[in-house]
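Next come the chains, spelled out residue by residue.
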Amino acid sequence: MSHRDYVLLAFDKLFSAPQLKNKTLLDVGCRGNAMKGKLEERGVIWTGLDISPQGGADKGDMCAMPYTDKKFDIIFACHSLEHVETPLTALREFKRVMKDDGVMFIATPNPCEHQITKGDPDHIFVMNVMQMEKWLEYVKINKIGCYLQTEGVPREQDYNVITVGRKPKEKE
């Protein structure tokens, strides 16, 4: 199984297909459309965004997205946040394009020795659970959950930090 498959296991624990039916989902840092089919099978209306898109995704930077405010129900970022120099700026952008009461689902690599010393050379950050919780609090996203995904994942280097938050409804 790939890291994407493990991420989908965590995603499926949070959302059932009826909950996802016709929800708009932005797949941030999707590169191509590797997750498109798997996410659409779950009922979402998929949009992909990447700085170097392939396979039908939109071109754009997660720190300055080309979308209107409150466009998406779900922000999905699978192994992409660790690639940006300013993750707090990216999280603010996630919040901006997310509908009120929308959900962000973020998966980042486990902060183990393998990821730090031998992981992708373009990983700028290796986040841990405490850091992700602090960042959610800082950008005022309500934490639903933040944990190290180990269940069913055989190797430590394949563990993911799963972070899920909900955008609070704006006061009228």
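Rules used in this analysis
Residues numbered from 1 in each chain as written. Predicted model: local features only at pLDDT ≥ 70, side-chain atom pairs only at ≥ 80, totals over all residues. Heavy atoms only, no water. Helix = DSSP H or I, 4+ residues; strand = E, 2+ residues; numbered from the N terminus. Polar contact = N/O pair within 3.5 Å; in protein donor to acceptor, adjacent residues only side chain to side chain. Salt bridge = Lys/Arg side-chain N within 4 Å of Asp/Glu carboxyl O. Buried < 20%, exposed > 50% of the residue type's maximum accessible area, 1.4 Å probe, protein only. Contact = heavy atoms within 4.5 Å. Core = buried A, V, L, I, M, F, W, Y, C linked by side-chain atoms within 4.5 Å. Pairing = 2+ DSSP bridges. Axes fitted to C-alpha atoms, helices over the stretch in contact; angles between N-to-C directions.

(A) Up close: the environment of Glu151. Structurally, Glu151 is set in the loop between β6 (142-149) and β7 (160-166). Spatially, the C-alpha atoms of Glu151 and Tyr6 are 9.3 Å apart, while their sequence positions differ by 145 residues. Reaching out from Glu151, the side chain makes a polar contact with the side chain of Lys13 at a distance of 2.9 Å.

(B) Broad picture of the pattern of salt bridges. Overall, the coordinates contain ten salt bridges when judged by the stated rule. Residue Asp12 pairs with Arg42 through a salt bridge whose shortest N-O separation is 2.6 Å. Taken as a pair, Asp12 in helix α1 (residues 3-14) and Arg42 in the loop between α3 (36-40) and β2 (45-50) lie far apart in primary sequence, 30 residues in all. Exposure remark for Arg42: the relative accessible area of 18% places this residue in the buried category. Here Asp69 ties to Arg96 by a salt bridge, and the two come within 2.7 Å at their closest N and O atoms.

(C) Inspection of the environment of Leu8 at higher detail. Position of Leu8 relative to the elements: it lies in helix α1. Remark: the alpha-carbon pair of Leu8 and Lys38, spanning 30 residues in sequence, is separated by 8.5 Å. Among all residues touching Leu8, those that are not within four sequence positions of it are Met35, Lys38, Leu39 and Arg42.

(D) The arrangement of the nonpolar core in detail. Counting 27 residues, the largest nonpolar core has Leu26, Ile75, Leu81, Phe94 and Met104 as its most contacted members. At the level of secondary structure, the elements contributing two or more residues to this core comprise β1 (24-28), β4 (72-78), α4 (87-97), β5 (98-109) and α6 (129-138). For this core, the element with the highest residue contribution is α4, accounting for four residues. In this structure, Phe15, Phe76, Cys78 and Ile162 belong to the second largest nonpolar core, which totals 21 residues.

(E) Fine view of the side chain of Asp73. Residue position: Asp73 is located in strand β4. Within the structure, the side chain of Asp73 is placed 2.8 Å from the backbone nitrogen of Thr24, a separation counted as a polar contact. A distance of 3.4 Å separates polar atoms of two side chains, one belonging to Asp73 and the other to Lys99. Sequence-distant contacts of Asp73, that is, excluding residues within four places in its chain, are made with Asn22, Lys23, Thr24, Met98, Lys99, Gly102 and Val103.

(F) Region of interest: the sheet that holds strand β3 (residues 58-59). Strand order in the open sheet formed by seven strands is β3-β2-β1-β4-β5-β7-β6, with mixed pairing between adjacent strands. The two strands at the open ends of the sheet, each matched to only one other strand, are β3 and β6. Judged from the seven bridges that link them, β5 and β7 form a sheet pairing that is antiparallel. Note that in β7 the partner of Val103 across the bridge is Arg166. Across the face of the sheet, α4 comes into contact with β1, β4 and β5 while running at roughly 145 degrees to β5.

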